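Report on the structure
Each chain is listed here by its residues.
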2 protein chains.
Amino acid sequence: MQYVHPFSFGNRTMSDLLGGKGANLAEMVGLGIPVPDGFTITTEACQEFLRTGVVSPNIHAQIDAAVLALENKVGKKFGDTTNPLLVSVRSGAKFSMPGMMETVLNVGMSADVAARMEAMTGDARFAWDSYRRFIEMFGKTVCDIPMHDFHKVSDPILKRDNVTAVADLQGPALREVGDLFVGVIEKHTGQAFPWTARDQLLQAVEAVFHSWNSERAQLYRRRERIPADLGTAVNVQMMVFGNIGETSGTGVCFTRDPSTGHPGAYGDYLPRAQGEDVVNGSRNAFPLTHLKTLNEPAFNQLQSIMDKLEAHYKDMCDIEFTVESGSLWILQTRVGKRTAEAAFQIATQLVDEGAIDMNEALKRVTGDQLGNLMFPQFDKSSGIKELTRGIAASPGAAVGQVVFDPRVAMDWALTGKKVILVRRETNPDDLGGMVAAQGILTSRGGKTSHAAVVARGMGRAAVCGTDSIEVINDEQIFKCGDIIVKQGDWISIDGSNGAVYLGEVPVVPSAVTEYVQGHLDAASPAASTLIKSIDRILTYADKTRRMHVRANADTPEDSDVARRMGAQGIGLTRTEHMFLGERRHLVEALILAETDDERHKWIAEMEVLQYEDFVGIFKVMTGLPVTVRLLDPPLHEFLTDKGELGTKIALQEARGEKVSDYDLKLARAVNRLHESNPMMGLRGVRLGVLIPELFTMQVRALARAAIEVKRQGFDVIPEVMIPLVASQRELLYFRNSLEEEIHRVMAEAKSDIHISIGSMIETPRAAITAAKLADYSDFFSFGTNDLTQLTWAFSRDDVESSFLPRYLDLELLPFSPFESLDQDGVGLLVKIACKETRSVVPNMKLGVCGEHGGDPRSIHFFHEAGLDYVSCSPFRVPVARLEAARAVVMADSVSSTA
Amino acid sequence: MQYVHPFSFGNRTMSDLLGGKGANLAEMVGLGIPVPDGFTITTEACQEFLRTGVVSPNIHAQIDAAVLALENKVGKKFGDTTNPLLVSVRSGAKFSMPGMMETVLNVGMSADVAARMEAMTGDARFAWDSYRRFIEMFGKTVCDIPMHDFHKVSDPILKRDNVTAVADLQGPALREVGDLFVGVIEKHTGQAFPWTARDQLLQAVEAVFHSWNSERAQLYRRRERIPADLGTAVNVQMMVFGNIGETSGTGVCFTRDPSTGHPGAYGDYLPRAQGEDVVNGSRNAFPLTHLKTLNEPAFNQLQSIMDKLEAHYKDMCDIEFTVESGSLWILQTRVGKRTAEAAFQIATQLVDEGAIDMNEALKRVTGDQLGNLMFPQFDKSSGIKELTRGIAASPGAAVGQVVFDPRVAMDWALTGKKVILVRRETNPDDLGGMVAAQGILTSRGGKTSHAAVVARGMGRAAVCGTDSIEVINDEQIFKCGDIIVKQGDWISIDGSNGAVYLGEVPVVPSAVTEYVQGHLDAASPAASTLIKSIDRILTYADKTRRMHVRANADTPEDSDVARRMGAQGIGLTRTEHMFLGERRHLVEALILAETDDERHKWIAEMEVLQYEDFVGIFKVMTGLPVTVRLLDPPLHEFLTDKGELGTKIALQEARGEKVSDYDLKLARAVNRLHESNPMMGLRGVRLGVLIPELFTMQVRALARAAIEVKRQGFDVIPEVMIPLVASQRELLYFRNSLEEEIHRVMAEAKSDIHISIGSMIETPRAAITAAKLADYSDFFSFGTNDLTQLTWAFSRDDVESSFLPRYLDLELLPFSPFESLDQDGVGLLVKIACKETRSVVPNMKLGVCGEHGGDPRSIHFFHEAGLDYVSCSPFRVPVARLEAARAVVMADSVSSTA
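Within each chain, residue numbers correspond to sequence positions counted from 1 in written order. Chain labels run from A onward and ligand labels from 1 onward, assigned in the order the entries are written. The predicted origin of the model limits local features to residues at a pLDDT of at least 70 and limits the giving and counting of side-chain atom pairs to 80 or more, whereas totals for whole chains, interfaces and linings rest on all residues. With hydrogens and water excluded, all non-hydrogen atoms of the structure serve as input to the side-chain values.

1. Here we look at the overall build of chain A
Scanning chain A from N- to C-terminus turns up 36 helices and 33 strands. For the C-alpha atoms alone, the extent of chain A along its principal axes is close to 105 × 70 × 55 Å. Within chain A, the fraction of its 898 residues that count as buried is 57%. Two residues qualify as a contact provided that any one of their heavy atoms is within 4.5 Å of a heavy atom in the partner residue. Sequence separation of 24 or more characterises 67% of the internal contacts of chain A that already satisfy a separation of 6 or more. For chain A, the distance from the average site of its 93 positive side-chain charges to the average site of its 117 negative ones is 2 Å. Counting from the N terminus, the helices are the DSSP runs of H or I reaching at least four residues and the strands are the DSSP runs of E reaching at least two. The buried label goes to any residue with under 20% of its type's maximum accessible area, the exposed label to any with over 50%, and the partly exposed label to all in between, with areas taken from a 1.4 Å probe on protein chains only. The charge count includes Lys and Arg as positive and Asp and Glu as negative, but it does not include His or the ends of the chains. Each charge is placed at NZ for Lys, CZ for Arg, CG for Asp and CD for Glu.

Printed below as a string of structure tokens:
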């Protein structure tokens, strides 16, 4: 097997084998762009190393051959002191893992080589700094020696020479430092320093392989959901030097502004510097145009290379380059990372420029980007400076007073204060405090930590893994560098980008949200180019997608928002939400009623309220379907908590007070209705079988509302959905009782509005017997939240806070199955149900209601499974519209390459 | 379509079409047995009637033609007054529904016909009693007139003539009564009485069809699980009369004793009587031999017919016959019902007689029968008489004091009293009282009532639907006829046969249980013939079955019982059961531990106990596999109840008492571990991922116990089972951690006992992804209880007491899916898992542990699904051994007829 390839082999599609960096280097070589020559050791070599723990003799031999070929090509010799070839050894995985992986520069170095470099360039500082730099990087990367061991020996030299940084030393002192570093390494390893170029190279390669499994890299992969078994490629490349005198320098540039998307080159240039110096910000860089003043031919050449690369990649590119003694070298390129705003703008610009078509534009933006643009934003014009940045763990902008103790958070929240809970990391004990907080900030843990998973589940903003802050619970403070933040101080956190600010940053509504709600006209001159871009893309998405997008909405107000956001109907109206809050007493009264008369009275009161709710929703949604789900939750959810009531009564009895008859009655009802696992108890259709009058009331109110709304001239398309169905017999029985009531109402009113009746598919049994349920169902709607709970035996309320984070940490789960559909398990049930259903009723309308309906990955799955619609929260409707279209173009591109 | 067939058409296999009675009549005609001629109207005609509500002209025409053919055959004429033909009209469904369905005798009757009968027989009483009987039956059955309406007009005649029963009246008075009855009918219907024979017949047929859906019949079918859409056939048969003078009579006989199985004819004969008179016990019948003294030729003829029928049916037959003026007529036969004891005895007798082979013998007995014989029995020799009988709803013999109020039952039980809870019917509020009671007696509801379902779930004896008793809650008594039973009175109930006794009936252990436990040797001369029969059949069953039978046992004692009962291993040892009772504090202490040292201390204590348990079980089970399931339940099950603890602390605080630190700590732990749906929370493998030391302790104890037991010379075959697995990754991760620990222990001890590690399949996800789990599992064991809960979203603890009985009542479920596997839903998942697994690992060992493993219907399913073993409670092992063999022979007979 070939484990080593010269850059002249391959192209950018081969990142699986060559890593992202290697594949792009090969692509550039193919385009005739000046790239320092070299070769790539493949990810397969790394995988072999990870399996066996050694780099095989075969790979060693292939590396030797590649070095020889490189020497012949560039006319220099590795380890030679006359015309020495030095190389960089860099990791390059399939997915970029910035700062995570190891690099060794100047491999092939020795004191003799450095002396020769001094002689060739006349620049002693350059030569001996390269010497020092190699030894330091080798010690750190290959020998795993902590930096402070090196500082211990270099600090006296700095003091002696009265400078503050190693870079300020002169040539001889740099050599001295380098030699001292060699001593540190030899002492640490107990072996002589490898002065052979080949030994240096092989050890550096192995160190890069090894770094794939460093703790830091593992953590990063978990955070970014990068599979653990990919391995990294290694790029060995001839060194070019940006730090040889004034005619050298190094820079980074983008072909468009990665932050705003504005067209035109954008970047930094730093004369007399190496790549790291630009990135680490140790010296202030100049704008790219500075290169023009210094070296116009090199600048023009760079400009034309940028044009070439963008035309070739048909996308904004990110380029690293070096000018060595006046000559331009391109070290790296890739499709540039960009903000959500830039993504939309660049996509439509490229369409306008004829580089890509609208289908391709759809692939260049994501629902998550659109979703992030829709959150309220911190007002950038307020001028408050970022304190630090952590991991964007749960989107949203949150402002509050810092609290470290979850119980204090709960107390403060009760008094109306806004708090941000700050913890090293959270655990199940902190749940109450998390609920009470506006947002959560942690110093440890990533996107799958307890804090992140729970915050996303609750819709709270969260910034996690902010390792630049130190939380000191004993002192009730956190430190960020020199800054100390105390309990009660105000901070602001942005869960969409991980930013943390001191003070109360003003929050402004998102213009994108104004636009998607129809409050802002994209055609008006005042609309920003971002809004115009989004409008073009969403308009095209609506023409492209096959699936309809509906919304989950329980009130006329929510329905109105949903409609404005582009919902093509309501996929889920939860009628139980109509009996919460101040209406809760109605259900309690019904449960406690002792006579039929009492029961009828309460049911009649409930009917009036339901009727009004339905009338409101039907009017707003005129011309579009509205799916009403009958009562779903267990009745005791409407009652007082069993433990609280028991304690109250026990206390009254202890004090010798009379316990009220009502409380005693209530206690009996609560005990009777108590269930050890209510999620799998008396709820949904089962309630309808046991207490039919409650559900006939619901369809009666619905039918009457439909008649009234139609009478007023609206176009009403009502659908009734039965929850928790598990068998054909219960569906048939229950459907009959609903139909009878509907027919009665229609006959009385001499009306004939069609009300279709469908079933939720949310029990595994319903999924696997869907073909039987299809006999008595006009449509199916997958309830993937319950289906996930039952398929996994995961009670969402319980597991998100208990073991799910641990499972994500250990990579036992790639992601929470409540955030994104588990395609192999729950998805398989969905596919089976679709297939079985369509085999008996080819045109059966199939949809999904629930949060997965707004999740991009899940939407693609539902598209492929053949659903007719997804239904999600109103706020996610634009995201779903976009992703439903992306599912079409991405499935097409898969099938066209297949 | 042919809706009417003469008895000469068809045979006994055609009960679907002709009903059980009709099919057997046809069979007897084919055998040349003297059966009064007639014809059968098919179940299809009934089904048409049930659909359309009318008997079609086509069916009328076919009946007319059949009457004509009958007239020609027997030489009598229907409705004729010279040589009149009278017929009986009887229902005859596929399954016997004794007492449920309607009969009209003497159809074709009129005053003229009766007068002619008097003239022909010289027996006025016979003739006019037949007249009276017809009119009464017609009024009751066809016109739905209550009996007391008839009594109102007949009572004055009885008084006048100074007799107590209508049957004691003379001819003229009987005619008078008949005429008065005609008046009652005409008044009730407002129409003239139908004196035309044809009208009488057609109305009687329609009434029989109609009776299929009488409330009584519907209730019976639900109790007996007979499908509602079968319909009944109607048999129209020439009347023969057992009540013409002294040379006539009627009887019922069995070809063997249906109670004990003893060979030889057994039955009753009543001279000068009609069939009902024998059945209703209004007159004392003579033993069958009485007929010999009266009419030896008829007796001999009957004996030879019995021999012929038994030889033909190859089974014990139940025969109704009539002697009319010295001539024998057979009215009906069928394979006779028998007790469990008789079933085993008759089966082996027939084998000895060469009538059937052992395979057929297996089909003649059931696991339920064997199971019933294993319950402790009431001592029949104690001579106490049965009070009454209800429906045998949940087997077992229970003795206790009568209590009507569930709360009183709980109070009494707390003081150590044994109580029988007596209710009209039970509901979820009664649960506490049901738990406290030895047994449950209800006056209403059948095998699927709340009381029955809950009692079976809890293993309590129950007799339900005892409609002969009246429960009067206000007076705290129940009445049975004249007998009044008060609170505190002792009663005894037998849930295996429905018998209710007054007083404390002594309970004797079952000899069958002694035998299956190996305490009683079937080969010893002292063993009863029943024991010898069971021994033969079980021995043959063990040779015949393909599936192994294991037991669920958590202690050495249970394991010993299981082994004696024939278990071929332990399929489930629940290790959590080792930490209940007095050991519960260990888990609590572990949960509350605050330091690693504390935790290690408690874990070390637990390990000692587990080790001892395992050593004990392994020794008992030497040479057989033992499957140990690691901790399964949520941890909080080992802690104090959250509500109770909260109340306790609140009360202490209210009293100003100091709450102990321990209680406060406990309260925090209880709150932290509280879950809203623990069944789907932190349990099983998930606990193992979160608290690995608890589970490594378990396998360490297990491995060390195996080593020690082997050292002592026993043959140990340990298997470890991981509960609640849902994904391949968690299985792999967890399995690795177990294997490491096992290897460590083995290496330390220089031992190499193989411990296989398997996974439970109890989440739907595990079932549908079984092929993936198979990569890291040495065996699978289906946990069909949890799988049922999750597939249906049925929390067993909750639904059995809340809506399941209602679902069974409404026939939304045919049976509780916890009692017998839901083959269409849960079973489909089992089948999918088996198929997918075997497609990748053809030899994978597959079993089931849990109660379904002891349920006959489910065992047949598991056999067909291809499982290698079932595991059930030790007591059910013999039942499972028998049914696993029956599954083989019954599947074979299905495939050989297919």
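2. Details of the sheet that holds strand 28 (residues 625-629) of chain A
Paired strands, in this sense, are two strands between which DSSP finds at least two bridges. Overall, parallel pairing links the eight strands, which are arranged 26-27-28-29-30-31-32-33 (chain A) in a closed barrel. Along the sheet, successive strands turn relative to each other by an average axial angle of 25°, direction set aside. With axes taken as lines fitted to C-alpha atoms, and helix axes fitted only over the stretch in contact, angles between N-to-C directions fall between 0 and 180 degrees.

3. Here's the deal with the relation of the copies chain B and chain A
Least squares is used to superpose the copies, and the fit set is the C-alpha atoms of residues whose pLDDT is at least 70 in both copies. For the pair chain B and chain A, the relating rotation is 179°, the translation along its axis is 0.0 Å, and the fit reaches an RMSD of 0.2 Å. These values place the two chain copies in the arrangement generated by a two-fold rotation axis. A share of 100% of the interface residues of chain B reappears at the interface of chain A, consistent with the copies meeting face to face through the same patch.

4. Some thoughts on the UniProt feature "domain: PEP-utilising enzyme C-terminal" (unreviewed entry) in chain A
UniProt's entry tags residues 537-886 of chain A with the feature "domain: PEP-utilising enzyme C-terminal" (unreviewed entry), counted in the numbering of this structure. Summarising residues 537-886 of chain A: 53% helix, 12% strand, and an end-to-end C-alpha distance of 11 Å. UniProt positions are given in the numbering used here, feature names are shortened, and annotations may be inferred rather than shown by experiment.

5. Structural notes on the interface of chain B and chain A
With 55 residues of chain B at the interface, the matching set in chain A holds 55 residues. In this assembly, chain B packs against chain A so that about 4,900 Å² is buried in total across both faces, 63% of it on carbon and sulfur atoms. Here, a salt bridge means any Lys or Arg side-chain nitrogen found within 4 Å of an Asp or Glu carboxyl oxygen. Here chain B is connected to chain A by four salt bridges. In protein, a polar contact requires one atom able to donate a hydrogen and another able to accept it; more generally it is a pair of N or O atoms within 3.5 Å, and residues adjacent in sequence count only if both atoms are side-chain atoms. Viewed at the interface, chain A and chain B are joined by 23 residue pairs in polar contact (both at pLDDT 80 or more). Reported buried area values correspond to the accessible surface (1.4 Å probe) lost by two parts on association, with both partners' losses combined.

6. Some details on helix 12 (residues 296-313) of chain B
Residues and elements named next belong to chain B. Residue count minus one, scaled by 1.5 Å, sets the expected span of a helix. Compared with the 26 Å implied by 1.5 Å per residue over 18 residues, the 25 Å span of helix 12 between its first and last C-alpha is a close match. Within the sequence span of helix 12, burial applies to Ala 298, Phe 299, Leu 302, Ile 305, Met 306, Leu 309, Glu 310 and Tyr 313. Seen from one end, helix 12 has its buried residues packed into an arc of 130°, which puts them on one side. Turned more than 90 degrees from where helix 12 packs its buried face, Pro 297 and Ala 311 sit exposed. Its side-chain oxygen at 3.0 Å from the backbone nitrogen of Ala 298, Asn 295 defines the N-terminal cap of helix 12. Looking at the residues trailing helix 12, positive phi occurs at Lys 314, about 55°. Here the arc refers to the directions that run from the helix axis out to each C-beta atom.

7. Considering the sheet that holds strand 11 (residues 317-324) of chain B
Residues and elements named next belong to chain B. The five strands are arranged 10-9-8-11-12 in an open sheet whose pairing can be described as antiparallel. Both outer strands of the open sheet, strand 10 (286-287) and strand 12 (327-335), are each paired with one neighbouring strand and no more. As paired elements, strand 11 and strand 12 share eight bridges and run antiparallel to each other. Residue pairing across strands places Glu 320 opposite Gln 332, the latter belonging to strand 12. Each of strand 8 (249-256), strand 9 (263-271), strand 11 and strand 12 is contacted by helix 12, which is oriented at about 25° to strand 12, the strand it contacts most.

8. Considering the side chain of Gln349(B)
Residue and element names in this part refer to chain B. Topologically, Gln 349 is positioned in helix 13 (residues 340-352). Judged by its relative accessible area of 14%, Gln 349 falls in the buried class. Here the side chain of Gln 349 touches Arg 256 through a polar contact of 2.6 Å, side chain to side chain. Ignoring any residue separated from it by four or fewer positions in sequence, one finds Gln 349 in contact with Arg 256, Gly 261, His 262 and Pro 263.

9. Brief notes about the domain arrangement of chain A
Residues and elements named next belong to chain A. What the domain assignment reports for chain A is domain 1 (2-236), domain 2 (247-333) and domain 3 (376-507). Domain 1 and domain 2 are separated by 23 Å when their C-alpha centres are compared. Contacts between the two partners involve 17 residues from domain 1, matched on the other side by 16 residues from domain 2. For the pair domain 1 and domain 2, the two sides together bury roughly 1,600 Å², of which 54% comes from carbon and sulfur. Applying the counting rule to domain 1 against domain 2 returns one salt bridge. Start and end points for every domain follow an automatic or database-based domain assignment.

10. So, the environment of Phe782(A)
Take Phe782(A): it is sitting in strand 31 (residues 779-783). Considered as a pair, Phe782(A) and Cys849(A) are 67 residues apart in the sequence and their alpha carbons are 6.3 Å apart.

11. So, the packing of helix 23 (residues 596-620) of chain B against helix 27 (residues 692-711) of chain B
Residue and element names in this part refer to chain B. The contact between helix 23 and helix 27 brings their axes to 8 Å, and the two run at 40°. What the angle tells us is that helix 23 and helix 27 run oblique. Handedness of the crossing formed by helix 23 with helix 27: right-handed. Here helix 23 contributes Arg 599, Ile 603, Met 606, Glu 607, Gln 610, Tyr 611, Phe 614, Val 615, Phe 618 and Lys 619 to the contact with helix 27, which in turn contributes Glu 693, Leu 694, Met 697, Gln 698, Arg 700, Ala 701, Leu 702, Arg 704, Ala 705, Ala 706, Glu 708 and Val 709. Residue polarity is assigned by list, with Asp, Glu, Lys and Arg as charged and Ala, Val, Leu, Ile, Met, Phe, Trp, Tyr, Cys and Pro as nonpolar; anything else, Gly included, falls into the polar class. Classifying every residue of the contact of helix 23 with helix 27 by side-chain character gives 13 nonpolar, two polar and seven charged. When an angle is under 35 degrees it counts as roughly parallel; over 145 it counts as roughly antiparallel; between 65 and 115 it counts as roughly perpendicular; any other value is oblique. Less than a right angle of anticlockwise turn of the near helix away from the far helix marks a crossing as left-handed, whereas a clockwise turn marks it as right-handed.

12. What about the pattern of salt bridges?
All names here are of chain B. One pass over the structure, following the stated rule, counts 114 salt bridges over all chains. The closest approach of N and O atoms between Arg 407 and Asp 405, which form a salt bridge, is 3.9 Å. Judged by its relative accessible area of 58%, Arg 407 falls in the exposed class. Two residues, Asp 560 and Arg 564, come together in a salt bridge whose shortest N-O distance is 3.3 Å. With Asp 560 and Arg 564 both in helix 21 (residues 556-564) and four residues apart, this pair spans about one turn of that helix. Of the residues examined, Asp 560 reaches a relative accessible area of 33% and is grouped as partly exposed.

13. Quick word on the environment of Phe7(A)
Residues and elements named next belong to chain A. Along the polypeptide, Phe 7 turns up in the loop between strand 1 (4-6) and helix 1 (15-30). The buried category is assigned to Phe 7, whose relative accessible area is 2%. When the C-alpha atoms of Phe 7 and Val 35 are compared, they prove to be 9.1 Å apart, with 28 residues separating the residues in sequence. Apart from the residues lying within four places of it in its own chain, the contact partners of Phe 7 are Leu 25, Ala 26, Val 29, Val 35, Pro 36, Asp 37, Gly 38, Phe 39, Thr 40, Asn 235, Val 236 and Gln 237.

14. With respect to the UniProt feature "domain: Pyruvate phosphate dikinase AMP/ATP-binding" (unreviewed entry) in chain A
When the UniProt feature table is mapped to this numbering, "domain: Pyruvate phosphate dikinase AMP/ATP-binding" (unreviewed entry) covers residues 53-284 and 293-348 of chain A. Helix makes up 52% of residues 293-348 of chain A and strand 30%, with an end-to-end C-alpha separation of 33 Å.

15. Some points on the packing of aromatic side chains
All names here are of chain B. When the centres of two rings from Phe, Tyr and Trp lie within 6.5 Å, Trp using its six-membered ring, the rings pair. Their planes under 30 degrees apart give stacked, over 60 give edge-to-face, and anything left gives tilted. As enumerated under the stated definition, the model contains 40 aromatic pairs over all chains in all. Taking 6.5 Å as the distance between ring centres and 70° as the angle between the ring planes, the aromatic pair formed by Phe 404 and Phe 478 counts as edge-to-face. Placement of the pair is Phe 404 in the loop between strand 16 (397-403) and helix 16 (406-414) and Phe 478 in strand 21 (residues 477-480), with a sequence separation of 74 residues. The same class applies to Phe 404 as to Phe 478, namely buried. Taking the centre distance of 6.0 Å and the plane angle of 70° together, the rings of Phe 861 and Phe 862 count as edge-to-face.

16. What to know about the packing of helix 27 of chain B against helix 28 (residues 728-749) of chain B
Residue and element names in this part refer to chain B. At a minimum axis distance of 9 Å, the contact between helix 27 and helix 28 shows a crossing angle of 35°. Relative to helix 28, helix 27 is oriented so that their crossing is right-handed. Where helix 27 abuts helix 28, its residues Phe 695, Thr 696, Val 699, Arg 700, Ala 703, Arg 704 and Ile 707 lie against Phe 734, Ser 737, Leu 738, Glu 741, Ile 742, Arg 744, Val 745, Met 746, Glu 748 and Ala 749. Of the residues assigned to the contact of helix 27 with helix 28, the class counts are ten nonpolar, two polar and five charged.

17. Regarding unusual backbone geometry
You will see that Lys314(A), though not glycine, has its phi angle at about 55°, which is positive. Note that Lys314(A) resides in the loop between helix 12 (296-313) and strand 11 (317-324). Positive phi values are uncommon outside glycine, yet Ser325(B) reaches one of about 50°. Tracing the chain through its elements places Ser325(B) in the loop between strand 11 and strand 12.

18. A few points about the pairing of strand 29 (residues 717-722) of chain A
All names here are of chain A. Of all the six residues making up strand 29, five are buried; the element is thus mostly covered by neighbouring parts of the structure. With four bridges connecting them, strand 29 and strand 30 (residues 756-761) associate as parallel partners. When the sheet's bridge partners are listed, Val 720 is paired in strand 30 with Ile 757. For the handedness criterion, the β-α-β arrangement of strand 29, helix 28 (residues 728-748) and strand 30 is classed as right-handed. Throughout, right-handed denotes a crossover for which the path from the first strand over the helix to the second runs clockwise when the strands point away from the viewer.

19. Observations concerning the pairing of strand 16 (residues 397-403) of chain A
Residue and element names in this part refer to chain A. For strand 16, the tally of buried residues reaches six of seven residues, placing the bulk of the element in the interior. When strand 16 meets strand 23 (residues 490-494), the two strands line up antiparallel, connected through five bridges. Among the inter-strand pairings, Ala 398 is bridged to a residue of strand 23, identified as Ile 493. Once the chain exits strand 16 it traverses helix 16 (residues 406-414) before rejoining the sheet at strand 17 (residues 419-423), and the crossover so formed is right-handed.

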